[in-house]
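Structure assessment
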Amino acid sequence: MGASQTNWSFTRPERLPLPQPFEEALPFWESLKRNELRVQKCQECAELSHPPKAMCASCHSFKMGWELMSGRGTVFSYIVTRQPIHPALVSHTPFATVQVQLEEGPIVVSNVLDVAPDEIRIGLSVRATFEPANDDVTLLYFVRA
Ligand SMILES: [Zn+2]
């Protein structure tokens, strides 16, 4: 950060396969298309959780709703990939995959668009941003807050 900031920006390789949402996760993906970040909230015990699942891990209820998040969070952990793990990534390494802990508690996996892989730090403040990949899929990313 500070003087070491660069104009680096993450770009998603066009040929990289898109997520294939499963049934319980469809509301999450639909919310991203509206530029909203929602995670599941158990209607019995109020536990927030991500990724989506059919049953609450805390109380085993199947009554799962969806709660709007602020989009603000901090980098909880990250890993920098230096070897292309898919042919589409050959000219896209290194890149950082981050776990962002939302201020409401849940952790989501994403990328930070405007921070170079070697400048990502645990605790970095970030906010959600939404990037349509096509008409059906919008992807969740983060930028420096
Ligand atoms: Zn519960």
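All values reported here derive from a predicted model rather than from experimental measurement.

Remarks on unusual backbone geometry
- A cis geometry characterises the amide bond from His50 onward to Pro51, with omega recorded as 0 degrees.
- Its place among the elements puts Pro51 in the loop between strand S2 (48–49) and strand S3 (64–68).
- The phi dihedral of Asn35 is positive, around 60 degrees, even though this residue is not glycine.
- Its place among the elements puts Asn35 in the loop between helix H1 (26–33) and strand S1 (38–42).

Let's talk about the environment of Thr93
- Among the structural elements, Thr93 can be located in the loop between strand S4 (72–81) and strand S5 (95–102).
- Taking the C-alpha atoms as reference points, Thr93 and Gln83, 10 residues apart in sequence, are found 6.5 Å from one another.
- For Thr93, the residues in contact, after removing those within four places along its chain, are Thr81, Arg82, Gln83 and Pro84.

Overview of the sheet that holds strand S7 (residues 125–132)
- Overall, antiparallel pairing links the five strands, which are arranged S6-S5-S4-S7-S8 in an open sheet. What marks the edges here is a single partner per strand, and that holds for strand S6 (107–110) and strand S8 (138–144). Here the strands of the sheet are splayed against their neighbours by 40 degrees on average, with no regard to which way each runs.
- Here seven bridges tie S7 to S8, and the two strands are oriented antiparallel to one another. Pairing of Pro132 across the sheet is with Thr138, part of S8.

What about the domain arrangement of the protein?
- Partitioning the protein into structural domains gives domain 1 (21–68) and domain 2 (70–145).
- The C-alpha centroid of domain 2 is placed 20 Å from the C-alpha centroid of domain 1.
- Contact with domain 1, which involves nine residues of that partner, is made by 11 residues of domain 2.
- Residue assignment for the side of domain 1 that touches domain 2 shows that the elements contributing at least two residues are H1 and S2.
- In terms of residues, the side of domain 1 that touches domain 2 owes the most to one element, H1, which gives three residues.
- Class assignment for the residues of the side of domain 1 that touches domain 2 results in five nonpolar, three polar and one charged.

What to know about the pairing of S6
- Residues Val108 and Ser110 of S6 are buried on one face, while the alternating residues Ile107 and Val109, pointing to the opposite face, are not.
- When S5 meets S6, the two strands line up antiparallel, connected through four bridges. Paired with Gln101 across the bridge in S6 is Ile107.
- The turn linking S5 back onto S6 is made up of four residues, and Gly105 within it adopts a positive phi angle of 125 degrees.

Conventions used here
- Residues numbered from 1 in each chain as written.
- Predicted model: local features only at pLDDT ≥ 70, side-chain atom pairs only at ≥ 80, totals over all residues.
- Helix = DSSP H or I, 4+ residues; strand = E, 2+ residues; numbered from the N terminus.
- Contact = placed C-beta atoms within 7 Å.
- Pairing = 2+ DSSP bridges.
- Axes fitted to C-alpha atoms, helices over the stretch in contact; angles between N-to-C directions.
- Domains from an automatic or database assignment.
- Nonpolar A, V, L, I, M, F, W, Y, C, P; charged D, E, K, R; others polar.
- Buried ≥ 20, exposed ≤ 12 C-beta atoms within 10 Å, placed from the backbone.

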